[in-house]
Amino acid sequence: MNSIRIAWLYPDLMSTYGDRGNVIVLQQRCVWRGIHVQVTPVTLETPVRELEQCNLIFMGGAQDRQQKLAGEDFLKRKGPVVKKMIEHGTPALFVCAAYQFVGAYYKPYQGEPIPGAGIWDLYTVHPGDQAKRCIGNTVAEIITPAELSGTIIVGFENHGGRTHLGPKMQPLAKVIKGYGNNGEDGYEGATYKNTIGCYFHGPLLPKNPKIADWLISKVVGTLAPLDDSLEHSANNILR
Ligand code: GLN
């Protein structure tokens, strides 16, 4: 296949800290290689059949209020479709609130838990309004997927929720600097099949292009290399 259709879930509600940059990177790295690429914004109003026609999924972070709004739709309409696509091998990237969404639930510090799609074996709890938010620049070393193992990734995190992985999950990375999933176990993010979830904004992909290519390669196969010297310099500065 030489064509990618990216589903960008809830671009109007879920795109904090430059998360849209991840979509731009995916798109541009395809364009540079002559891969036909199309981005489909999937909002609350978009029918699920448009999502089903996509072969790569991205969803970004959100504040709790926006997360709640998108959460209702995700649980009832888009989530079950995303689950089916993921099980069939569709690559996806979920950042922060989106990462919390694919788990069992996110319990905000006020109000009822927001149920997730239960695609991944994890849950997230905000420990209360007195709890310190996990904010700052981050560095981590990838553990899974195996093809990216040892890659140093950099980013920026800002979350109140603490995520705990169940026994079926593999962590994405080992934290070198920052809080990661919960500030306690030293792990950041998670992976499942061809999907990655993490707390890294920044946005993630411009300074960590190997992850972008890993996602693209799951659709089109082996990729021609690009000159990533600028991207590597940006990554090095933040380490
Ligand atoms: N609302 C979530 C939290 O604070 C997610 C924040 C985000 O996506 N940046 O844990």
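On a predicted model such as this, the values are computed, not experimentally measured, just so you know.

Undergrad: If you had to explain the nonpolar core to someone new, which residues and values would you point to?
TA: With 65 residues, the main nonpolar core has I4, M14, M59, V82, F94, W120 and I211 as its most contacted residues. Leave out the neighbours within four places in its chain, and I211 touches I142, L148, I153, I196, L204 and L205.

Undergrad: How would you summarise the sheet that holds strand β8 (residues 134-142) if you had to cite specific residues and measurements?
TA: What the nine strands build is an open sheet, ordered β2-β1-β3-β4-β13-β12-β11-β8-β9; its pairing is mixed. Edge positions in the open sheet fall to β2 (36-42) and β9 (152-159), since each of these has one partner strand only. Taking each pair of neighbouring strands and ignoring which way they run, the sheet shows an average axis angle of 25°. Strand direction decides the pairing type here: strand β1 (residues 3-9) and strand β3 (residues 56-59), joined by four bridges, are parallel.

Undergrad: Outline the site of the ligand, listing residues and values.
TA: Close to the ligand lie 16 residues; A62, D64, C96, G160 and G161 are nearest. One nitrogen or oxygen atom from the main chain of N158 is found 3.1 Å from a nitrogen atom belonging to the ligand. Compared with its free state, where it exposes 300 Å², the ligand has 99% of that area covered by protein. Put simply, the ligand lies in the largest pocket. Elements with a minimum of two residues in the shell around the ligand: α3 (64-87), α4 (97-101) and β9.

Undergrad: I'd like a rundown of the environment of G166, residues and numbers included.
TA: Here G166 shows up in the loop between β10 (162-165) and β11 (170-177). On a C-alpha basis, the gap between G166 and S217 in space is 28 Å, while along the polypeptide they are 51 residues apart. Other than its neighbours up to four places away in sequence, G166 contacts D121 and L122.

How each quantity is defined
Residues numbered from 1 in each chain as written. Predicted model: local features only at pLDDT ≥ 70, side-chain atom pairs only at ≥ 80, totals over all residues. Heavy atoms only, no water. Core = buried A, V, L, I, M, F, W, Y, C linked by side-chain atoms within 4.5 Å. Buried < 20%, exposed > 50% of the residue type's maximum accessible area, 1.4 Å probe, protein only. Contact = heavy atoms within 4.5 Å. Pairing = 2+ DSSP bridges. Helix = DSSP H or I, 4+ residues; strand = E, 2+ residues; numbered from the N terminus. Axes fitted to C-alpha atoms, helices over the stretch in contact; angles between N-to-C directions. Near = heavy atom within 4 Å. Polar contact = N/O pair within 3.5 Å; in protein donor to acceptor, adjacent residues only side chain to side chain. Areas by Shrake-Rupley, 256 points an atom, 1.4 Å probe, with all protein chains shown as cover. 1 Å grid on protein atoms, 1.4 Å probe; cavity = no way out; pocket = protein on both sides within 12 Å on 5 of 7 lines; lining within 4 Å. Sits in = over half its atoms within 2 Å of the grid points.

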